[in-house]
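Each chain, letter by letter, is given below.
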Amino acid sequence: MINPLRGMKDISFDDSARFTHIVKISIEVAKRYGYNYIETPILEETTLFKRSVGESSDIVGKEMYQFVDKGGNDVCMRPEGTAGIVRAFVSAKLDRQAMKHKFYYYGPMFRYERPQKGRLREFHQFGCESFGESSVYEDFTIIGMVAQIFNELNIGYDLLVNSLGCPKCMPVYRINLISFLSVIKNELCEDCNRRIDTNPIRVLDCKNKKCQSLLVDSPKLINNLCAECDEDFKKLTELLGKTDIGYKIDTNLVRGLDYYNKTAFEFISNDIGSQSAIAGGGRYDKLVEYLDGKSTAGVGFALGIERIMELVKIPQSQREGYYMGIMTPDAIDSILLLAVQKRKSNKATVEYKSKGFKSHMKGADKANARYALLIGEDELKNGTVWIKDLDSGEEKTILVDDI
Ligand code: HAM
């Protein structure tokens, strides 16, 4: 027997109902906010992720599904969606247009992580990316859209927000942070020590309790923002404060991808264990340029479908469509042709085998059909069908042409 690879899963039955429900609600909400569907390849040049997600990130440094293909190209299974969408945006020369573009997407992402509950090697995201809008109002709107998706899925959450500054204030803060970290360097964990040189900001979100206690007095970026970033962050929190979304400022929220500036946010659930982030996102105003495009503002988010599947209860599905069966083998052609007609606008499940009445009624129940429609010897002879509404219990025999 061949099983899925470690950290990868088949999604079927109840799981697939939850999966499609999450995607359906997310698409409905995204469309209301003006987003259009985009599909980009799963396989991309490795350079794309090095230049966007960043070489110092764990994702690129340790977790890529990277290989050389038969043509000698260094390629990688996408670990996230944003880089590919930005690449597509630049490939299509949309950066040269003065228009705003908004895309939504969903699909599999691959990270060679140590699998545990809520942490997979192949997982699925639904995400949105908005291009060309530098106003903080768009950050507010995107956060509101994620909150709306969770509300419509009936899921509780906590929202954490932070500002990562911009190329004006971040470098100054970085120097401050490095000098703070170099004093406590010997007491910090191995990972933090490595990060002081490669990506000091990431030291702030180290999960090690001792490191966290040493970082309590670290300089905070939100106290060192330039006037523009400060004003934007204040506006964002002021607007969020006027809604029922609720938020907490988390000065250690730095995100695991290097492309962010200004707003960074995460939605957390306390009901799914340690891998609690159910969505994350933020602003990435430099990313289009990093990927050779014309300077274009960008902001977006992605939610983790498998983590949300743990939380979502799907509404009891209602009886729908037809169950069609025969009680004499001769009626097979009639029932098949009837199904062709019905399927033009309805769901129809057809049982090919001639069976007894009770067995058919069980089949109709299993198929969760609204109507059971049967043809026996008499019906075949008379050009009729027997039909029962399984919701109301009403039943009758009618001419095929009158269905
Ligand atoms: P991310 O925070 O790396 O952001 O991932 C987004 C969500 O994907 C997480 O909040 C989590 O729910 C889910 N996720 C991540 N890794 C795993 C895993 N190994 N197993 C299961 N679920 C996982 C991004 O990927 C950015 N591209 C989001 C973004 C879009 N920022 C701007 N635009």
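Up top is the structure these notes are about.
Described below are features of the structure shown in this document. (Residues numbered from 1 in each chain as written. Predicted model: local features only at pLDDT ≥ 70, side-chain atom pairs only at ≥ 80, totals over all residues. Heavy atoms only, no water.)

**A short note on the site of the ligand**
Residues in contact with the ligand amount to 26 residues; listed here are only the nearest, Glu-80, Thr-82, Glu-113, Glu-129 and Tyr-260. Between the ligand and Phe-301 there is a distance of 3.2 Å, counted from a nitrogen atom to a backbone nitrogen or oxygen. Within the backbone of Gly-304, an N or O atom sits 3.3 Å from an oxygen atom of the ligand. Protein burial of the ligand: of its 660 Å² of free accessible surface, 96% is covered by the chains. Those elements giving two or more residues to the shell around the ligand turn out to be strand E6 (122-131), strand E10 (277-283) and strand E11 (298-304). No other element matches the 5 residues that E10 contributes to the shell around the ligand. (Near = heavy atom within 4 Å. Polar contact = N/O pair within 3.5 Å; in protein donor to acceptor, adjacent residues only side chain to side chain. Areas by Shrake-Rupley, 256 points an atom, 1.4 Å probe, with all protein chains shown as cover. Helix = DSSP H or I, 4+ residues; strand = E, 2+ residues; numbered from the N terminus.)

**Things to note about the packing of aromatic side chains**
Inspection of the entire model under this criterion finds 17 aromatic pairs. A centroid spacing of 6.0 Å and a plane angle of 45° characterise the contact between Phe-150 and Tyr-157, whose relative ring orientation is tilted. Phe-150 gets classed as buried once you look at its relative accessible area, which sits at 0%. Residue Tyr-157 is classed as buried on the basis of its relative accessible area, which comes to 17%. In this structure an aromatic cluster arises from ring pairing among Phe-89, Phe-103, Phe-131, Tyr-259, Tyr-260 and Tyr-284. A cation over a ring is seen here: Arg-121 above Tyr-112, with NZ or CZ 3.8 Å from the ring centre. (Phe/Tyr/Trp six-rings, centres within 6.5 Å; stacked < 30°, edge-to-face > 60°. Buried < 20%, exposed > 50% of the residue type's maximum accessible area, 1.4 Å probe, protein only. Lys NZ or Arg CZ within 6 Å of the ring centre and 35° of its normal.)

**Observations regarding the packing of helix H1 (residues 13-32) against helix H5 (residues 136-152)**
Put simply, H1 and H5 touch, their axes get as near as 9 Å, and they point 140° apart. Our classification of the angle between H1 and H5 gives oblique. Note on packing geometry: the crossing formed by H1 with H5 is right-handed. Taking contact as the criterion, the partners of Ile-25, Ser-26, Val-29, Ala-30 and Arg-32 in H1 are, on H5, Met-145, Gln-148, Ile-149 and Glu-152. (Axes fitted to C-alpha atoms, helices over the stretch in contact; angles between N-to-C directions. Parallel < 35°, antiparallel > 145°, perpendicular 65-115°, else oblique. Left-handed = near helix turned anticlockwise from the far one by under 90°. Contact = heavy atoms within 4.5 Å.)

**A short note on the sheet that holds strand E15 (residues 384-389)**
Strand order across the open sheet formed by 5 strands is E13-E12-E14-E15-E16, with mixed pairing between neighbours. Across the chains shown, the open sheet's two edge strands, defined by having one partner strand only, are strand E13 (348-354) and strand E16 (395-399). Across the sheet, the mean angle from the axis of one strand to that of its neighbour is 20°, orientation sign disregarded. Strand contacts of helix H12 (residues 332-342): strand E12 (322-326), E13, strand E14 (371-375) and E15, with the helix running at about 165° to E12, the strand carrying the most contacts. (Pairing = 2+ DSSP bridges.)

**Quick word on the side chain of Lys-220**
Here Lys-220 shows up in the loop between helix H8 (209-214) and helix H9 (227-241). We note that Lys-220 is buried and unpaired, the nearest opposite charge coming from Asp-217 at a distance of 6.8 Å. Among the polar contacts listed, one links the side chain of Lys-220 to the backbone oxygen of Leu-215, at a separation of 3.4 Å. Other than its neighbours up to four places away in sequence, Lys-220 contacts Tyr-173, Leu-215 and Thr-251. (Lys, Arg positive; Asp, Glu negative; His and termini not counted. Salt bridge = Lys/Arg side-chain N within 4 Å of Asp/Glu carboxyl O.)

**With respect to the packing of helix H2 (residues 46-54) against helix H4 (residues 82-91)**
Where H2 contacts H4, the two axes come as close as 9 Å, and the packing angle between them is 110°. As the angle between them shows, H2 and H4 are arranged roughly perpendicular. Residue-level contacts link Leu-48, Phe-49 and Ser-52 of H2 to Ala-83, Gly-84 and Arg-87 of H4.

**Thoughts on helix H13 (residues 357-366)**
Those residues of H13 that sit buried are His-360, Met-361, Gly-363 and Ala-364. Looking straight down H13, one finds that the buried residues subtend no more than 155° of arc, so they occupy a single side. More than 90 degrees from the buried face of H13, the exposed residues found are Lys-358, Lys-362 and Lys-366. Those residues of H13 hidden inside the fold are in contact with E12, E13, E14 and E15. One or two positions beyond H13, positive phi appears at Asn-368, with a value near 55°. (Arc of directions from axis to C-beta.)

**Notes on the side chain of His-21**
In this fold, His-21 is placed in helix H1. Not counting residues up to four positions away in its chain, the partners in contact with His-21 are Leu-153, Ile-314 and Pro-315.

**Remarks on the pairing of strand E5 (residues 101-110)**
Side chains on a regular strand alternate between the two faces of the sheet. Extensive coverage of E5 is indicated by the burial of 8 of its 10 residues. Pairing analysis gives 2 bridges linking strand E1 (residues 36-37) to E5, with the strands arranged parallel. By the bridge assignment for E5, Tyr-37 is matched with Tyr-104. Two elements, E5 and E6, share 10 bridges in a ladder whose sense is antiparallel. Within E6, the residue paired with Phe-110 across the bridge is Glu-122.

**Here's the deal with the nonpolar core**
Of all hydrophobic cores here, the largest spans 97 residues; its most connected members are Phe-126, Phe-150, Phe-267, Phe-301 and Leu-303. A total of 8 residues in this core trace back to one element, the largest contributor, which is H5. (Core = buried A, V, L, I, M, F, W, Y, C linked by side-chain atoms within 4.5 Å.)

**A word on H4**
Counted residue by residue, H4 has 8 buried out of 10 residues, so it is predominantly covered. Within H4 the residues assigned to the buried category are Thr-82, Ala-83, Gly-84, Ile-85, Val-86, Ala-88, Phe-89 and Val-90. Next to the buried residues of H4 lie strand E2 (43-45), H2, E5, E6 and helix H10 (287-290). Phi turns positive one or two residues past the end of H4, at Lys-93, with a value near 60°.

Function cannot be read off these values alone, since they describe shape.
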